[in-house]
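# Observations on the model geometry
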Amino acid sequence: EAPYWPSFLNHYASLGVACIHVCVQNDADAKAVEAAAMPSGLRCELHQLPPAVSPDQALKQLPLLALANGAHYTLLVDRDEYLTPLRSDVGVAQLFALFPEVQQFFLPWLMAPFLDGGQTLQRGYWGHIGKPLVRSDCMAAIAFDHGFLVDETHTNLTLKHQETK
């Protein structure tokens, strides 16, 4: 997946993402991430996870509080997975505002084998399951690479605000 890295960064920066959290399990991958050129306005937080466990198990050890404190919403993707808005007129905050009781959406995504963000997409395929987009303050754990466990008892701030009116 290494060749996708520059295109991945540019894609998410173009969508307005301000910070990405990158998980690696070895020093070589960590050095590659640290050496990568970041698009303007995008910062990268590196998390070195235990190398002795499978990637799925390592991902479950990601410190979610670090993510929740930095963003209202968290999306879980690999670097060859490109979330493409199906409606460019509806942003993430608007989507969650439309459904204040929802803590996690599973959004369609494209597995895109292209290396240049300016390249016309000619190949690729839709992912088999939606990519998880969650209210960061509702994350309880990472269930697997396509989903978070959410705190079902958490009352969304939007709902609290509506109740006090």
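These notes cover the structure that comes with them. (Residues numbered from 1 in each chain as written. Predicted model: local features only at pLDDT ≥ 70, side-chain atom pairs only at ≥ 80, totals over all residues. Heavy atoms only, no water.)

Let's shift gears to the environment of Leu67. Within the secondary structure, Leu67 is located in helix H4 (residues 64–68). Apart from residues no more than four positions distant in its own chain, Leu67 is found in contact with His21, His47, Leu62, Thr74, Ser136 and Met139. (Helix = DSSP H or I, 4+ residues; strand = E, 2+ residues; numbered from the N terminus. Contact = heavy atoms within 4.5 Å.)

Under the defined criterion, the tally for this structure stands at 0 disulfides. In this structure Cys23 is a free cysteine whose sulfur lies 9.8 Å from that of Cys44, the closest cysteine sulfur available. Take Cys23: its relative accessible area is 31%, and that puts it in the partly exposed class. Here Cys44 falls in the partly exposed class, since its relative accessible area comes to 24%. (Disulfide = S-S within 2.5 Å. Buried < 20%, exposed > 50% of the residue type's maximum accessible area, 1.4 Å probe, protein only.)

Right, let's talk about the pattern of salt bridges for a bit. According to the stated counting rule, one finds 3 salt bridges in the structure shown. Between Lys131 and Glu81 there is a salt bridge whose closest N-O contact spans 2.8 Å. In this pair, Lys131 sits in strand S8 (residues 131–135) while Glu81 sits in strand S4 (residues 81–82), placing the two residues 50 residues apart along the sequence. Judged on exposure class, the residue Lys131 and its partner Glu81 are both buried. (Salt bridge = Lys/Arg side-chain N within 4 Å of Asp/Glu carboxyl O.)

Attention now moves to the packing of aromatic side chains. The tally for this structure, following the rule as stated, stands at 6 aromatic pairs. Ring geometry for Trp5 versus Phe8: centroids 5.8 Å apart, planes at 10 degrees, classification stacked. Here Trp5 pairs with Phe8, and both are found in helix H1 (residues 5–14), just 3 residues apart, close to one helical turn. The class of Trp5 is buried, set by a relative accessible area of 10%. Taken together through their ring pairs, the aromatic side chains of Trp5, Phe8, Tyr12 and Tyr82 make up a single cluster. (Phe/Tyr/Trp six-rings, centres within 6.5 Å; stacked < 30°, edge-to-face > 60°.)

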